[in-house]
Amino acid sequence: MKSQMNLPNSALNPFAIHRVLTIKSKLILLLVLTTISVIAAITYISSKTQRDALTQAAFDQLQNRLNTDASEVTFLMEFLRSQMAILADNRTVVAAAVELENAYNRLHTPANDPAGEAALTNYYTERYLPALSAELGAKVTLATLLPTAAKTQFLQLQYIVKEAGANGVDNASAAGKGPDSIEAIPPAESLYSQVHAQYDALLQALAAQLGFSDLLLIGYETEEVIYTTAKHPELGTSLIDGPYRTTHLADLVYQMKRGGTTDVAIVDFQAYPPALGKPVAFLGAIVANPAGTPIAFLVAQLTPALIDNIVTDGQAWQSNGRGATGETYIVGSDLLMRTTARFLVEARDDYIAELRANGQPEENISKIERTHSSILAQHIETDAVREALAGRSDIRIMPDYRGRSTLTAYAPLAIEGLAWGMVAQMETAEAYASLTTLQQQIFVAGAVLIFGVILIALAATTLLTSPLRTLAAYAEQVQRGEFDERLNTAAKDEFGHLARALAAVMQTYQRQTLLLERRTTENRALLHSLLPPAVAARLQRGEERIVDTIHQTSLVCATLVGFTPLLRQQGEAATQVMDELMQAFDEAARRHELERQRTVGESYIAVCGLDAPHLDHSKRAVNFALELFQLLGRINEERELNLGLRVSVHSGAVVAGLLGGNKFMYNLWGAPLKAAMTLATLAERNTLLITDEVYKRLDQIQGFVRRGPLWVDEVGELLTWARLEQGRLTLRQIDLVQGSFAKCLPISEEVAEQFYYRLFELAPSARALFPTNMQEQQRKLMNTLNVAVGALNAPDKIIPILQNLGRKHVGYGASDDAYQVVGEALLWTLQVRLGGEFTSDTKEAWIAAYGWLSQVMISAAQEEAPSASATVGNGTATATDAPVAPPPTPRQQIAAARQAAKQKIVKPLDPSDE
């Protein structure tokens, strides 16, 4: 007690401690924090309660809206499908189809009508093509769409051009009687006009009643458009070899005719040139006569408006209960919208800016701006769309296609023949607007309450801390080093200094901990980059010996061809190409869920089923292998290179294990790995070689041809299949072939005549195989070349035809040399007819193209009459087990053509043989 009385007077002066109010400040802070905690707890509980209620209400509303819209769309499509089935059986429609087909087939038009041709050409150049080009955003040339058949020109002149001129419209949907008003009409044409006048009004009324934008009749045998209500430019054209043979209308007819189904078929919305490039879909049914014989296809054309009006409420979103941001839309399997985006209509500039900010392709944005529509223009690849297209439905909070947070409901649409997903959404900001208002009110009230608490705390702590001011003064002395051991009570204030010291220690400890965690994270990332995730996890759990037998795997082995010469030419710069390729291959492997096993030199090995089991591992591996060719082709085009790939795929059980101690390596063993690596060395350039084990697991993958069985050491004999990739031809070579052939079409008769002249000159004995009158054969030749050249961009369409023809020519007794003679004659003809335009690059492109086409036929012929089995890898071969020599290259084929002149000649490919 005596020591306390010895303190300086300044330490006892209550005004001397006004600068240091440590305890007082703590009390005030404690009261304020307590108040804030209470307010925060109230805010959290009330916000969570209301948020849950709002979320559930919004989800219920979205789910109801989604179910309602989905039901209406599904009902509409099923209704239209049933109406098409009824129409196809309607007596009047059957009678119209029979009589229009008969009248159409009896049309005999004048062989030469310069005035009519000029009028038709003027219609195409002045009206049709400018409007179509403006819609598509690309110029469409006259030669690609102008009909050349006299019958087609006559019908379009009478029912499209003249009616357009009379009515001031671009079609004759409000048509009169057509040719009846023209003088000197031949009887057959008058018959078509009479039948047309008899049934046109009825068919027009049916189409309007059902909401069809067009109703077409297409001949069953000829696949020619014999009638349309809208009088679009497909009237009179052939869907086999006409200008619209590549449209989805032709696909629908092909599907119904080749599929042999009597059900109503449907094709999804696509841009359709006769509809001026607008998106349309088609419903089709087969019309049969009373005897049950198919006579025609009845096809209805649908515009997106029918579905769009349902999903968008006629674009009156706000007035129909969807709020300020709610919308429902449909996306197809191509990830393109089938309905109108709300914000394109209501906030176009913001909508375009948000699409561009979220990575929408510029060409899509340009199309939206040009057509003022998002249908078949806006690409959406959100989680909701992917889940809906995968057949799953749910309600979640997720970003939309503009990157904004939304409450989203999604589900697939159960419409036969269409892979559509529907998404209904509303921005979370709108859904939680009332919650935001409540939080703002609580914030204002809390601020006022905190201010009052501070005032009260100041008054209360002033009274409570007065006895402690002396101790505070002593704390200052201790801080200055003036510690008095006799003042024991003053030690209580040392907790403040201890806390600060402890904080400093803790900061040091925290820095060390963060450093350790960063190093641990880096080590874990490195481990996952070297090993499959499951193996890395097992290693981290402490497993020392990791060896597994994995039964369901597929291995892809790809060998890059041409990189060593490139490395000699470009040095270290070539490694940039390799790095870009490996990154592209790795990204493709990730998409197909394959694991890269190793990259040694110019070889790349990936495995499907190693880390996670996949029932479709063979299909994933083949799809991945096919994408490798596409990736390499893109890089070749961008960098003007000529690299190639040899790829093999094999399936089976492998053993996988971790080797080594400090420097470990995850390795594979087993017959599938050895077989895949060996087959990759045996594959030809730009060829995918798969085993029969893989081929049997594939589902509807075309383009593979059977190769001879191959022997692999320690594995045995393997039956193999090969796919000759279009990677043999670059895009520039395809353009050169198609461009040069287009110059031959106007002089097709002279080209065909000169080809056969050269062919019979090279092989005189072949003349006996052909008819005396060669005009029909010459026409078939040019049609065949036109189909083959046009299909170079999509070889899967022509490969089955080529394979079938190759098998047929086995029966003709044709040898491989015969294809070489045909190739020699074809190159000679092109050289003569094109002259200086047939450059060395063009010739190289034709050699590559013909070599690829003929090799598909030769491989199919070998499949029909297989040669002796091949053995590879065991170092021995017998007379019956001789290795199968690889097919000759295009240059070898042409070089050997003259030596093959005495062999039999195959007739040129003719799609009509199918």
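Preceding this paragraph is the structure being described.
Residues numbered from 1 in each chain as written. Predicted model: local features only at pLDDT ≥ 70, side-chain atom pairs only at ≥ 80, totals over all residues. Heavy atoms only, no water.

(A) Quick peek at the overall build of the protein chain. The helix and strand tally for the protein chain stands at 31 helices and 17 strands. Within the protein chain, buried positions represent 46% of all 914 residues. When contacts within the protein chain are restricted to residue pairs at least 6 apart in sequence, those whose partners lie at least 24 apart make up 68%. When the accessible surface of the protein chain is split by element, carbon and sulfur atoms take 55% of a total near 44,900 Å². (Helix = DSSP H or I, 4+ residues; strand = E, 2+ residues; numbered from the N terminus. Buried < 20%, exposed > 50% of the residue type's maximum accessible area, 1.4 Å probe, protein only. Contact = heavy atoms within 4.5 Å. Areas by Shrake-Rupley, 256 points an atom, 1.4 Å probe, with all protein chains shown as cover.)

(B) View of the sheet that holds strand 8 (residues 405-415). Judged by pairing direction, the sheet is antiparallel, and its four strands sit side by side in the order 6-9-8-7 without closing on themselves. Both edges of this open sheet fall to strand 6 (327-332) and strand 7 (394-399), since each of them pairs with a single strand only. Sheet twist, expressed as the mean angle between neighbouring strand axes with direction ignored, is 30°. In this structure, strand 7 lies alongside strand 8, joined through six bridges in antiparallel fashion. Along strand 8, the bridge assignment pairs P399 with S405. (Pairing = 2+ DSSP bridges. Axes fitted to C-alpha atoms, helices over the stretch in contact; angles between N-to-C directions.)

(C) The arrangement of the pattern of salt bridges in detail. Applying the stated criterion across every chain yields a total of 33 salt bridges. Across the pair E427 and R404 runs a salt bridge, and its minimum N-O distance is 3.1 Å. Remark: R404 occurs in the loop between strand 7 and strand 8 and E427 occurs in strand 9 (residues 418-427); sequence separation between them is 23 residues. In this structure E427 comes out as buried when scored by relative accessible area, which is 10%. The exposure class of R404 is partly exposed, given its relative accessible area of 34%. Here R639 ties to E580 by a salt bridge, and the two come within 2.8 Å at their closest N and O atoms. Remark: E580 occurs in helix 21 (residues 573-592) and R639 occurs in helix 22 (residues 617-639); sequence separation between them is 59 residues. Assessed through its relative accessible area of 23%, E580 is described here as partly exposed. (Salt bridge = Lys/Arg side-chain N within 4 Å of Asp/Glu carboxyl O.)

(D) Quick peek at a nonpolar patch on the surface. Residues L29, L33 and I36 make up a contiguous nonpolar surface patch of about 260 Å² in total accessible area. Relative to the elements of secondary structure, I36 occurs in helix 3 (residues 22-89). With a relative accessible area of 37%, I36 lands in the partly exposed category. (Patch = residues over 30% accessible without salt bridge, like charges linked within 9 Å, V, L, I, M, F, W, Y side chains within 5 Å.)

(E) Structural context of the packing of aromatic side chains. Inspection of every chain in the model, using the stated rule, returns 15 aromatic pairs. Ring centres 5.2 Å apart and planes at 85° place the aromatic pair Y124 and Y128 in the edge-to-face group. Taken together, the positions of Y124 and Y128, both in helix 5 (residues 114-136) and four residues apart, correspond to about one turn of that helix. Taking the relative accessible area as the measure of exposure, Y124 reaches 0% and is therefore buried. Ring centres of Y757 and W828 lie 6.4 Å apart, and the angle between their planes is 40°; this geometry places the pair in the tilted category. Pair noted here: Y757 is in helix 26 (residues 748-762) and W828 is in helix 29 (residues 816-834), with a separation of 71 residues, a long-range link. Judged by its relative accessible area of 51%, Y757 falls in the exposed class. Each member of the aromatic cluster is reached from another via a ring pair, and the members are Y123, Y124 and Y128. Note that K151 overlies the ring of Y104, its terminal NZ or CZ placed 4.6 Å from the centroid. One cation-aromatic arrangement involves K257 over Y220; the distance from NZ or CZ to the ring centre is 5.4 Å. (Phe/Tyr/Trp six-rings, centres within 6.5 Å; stacked < 30°, edge-to-face > 60°. Lys NZ or Arg CZ within 6 Å of the ring centre and 35° of its normal.)

(F) Representation of the packing of helix 25 (residues 731-744) against helix 27 (residues 775-790). Following both chains from N to C, one finds helix 25 and helix 27 inclined at 155°, their axes separated by 10 Å at the closest point. The angle between the axes of helix 25 and helix 27 places the two elements in the roughly antiparallel class. Seen along the crossing, helix 25 lies across helix 27 with a hand that is left-handed. Mapping the contact onto sequence places V737, Q738, F741 and C744 in helix 25 and M782, L785, N786, V789 and G790 in helix 27. Residues of the contact of helix 25 with helix 27, tallied by class, amount to six nonpolar, three polar and no charged. (Parallel < 35°, antiparallel > 145°, perpendicular 65-115°, else oblique. Left-handed = near helix turned anticlockwise from the far one by under 90°. Nonpolar A, V, L, I, M, F, W, Y, C, P; charged D, E, K, R; others polar.)

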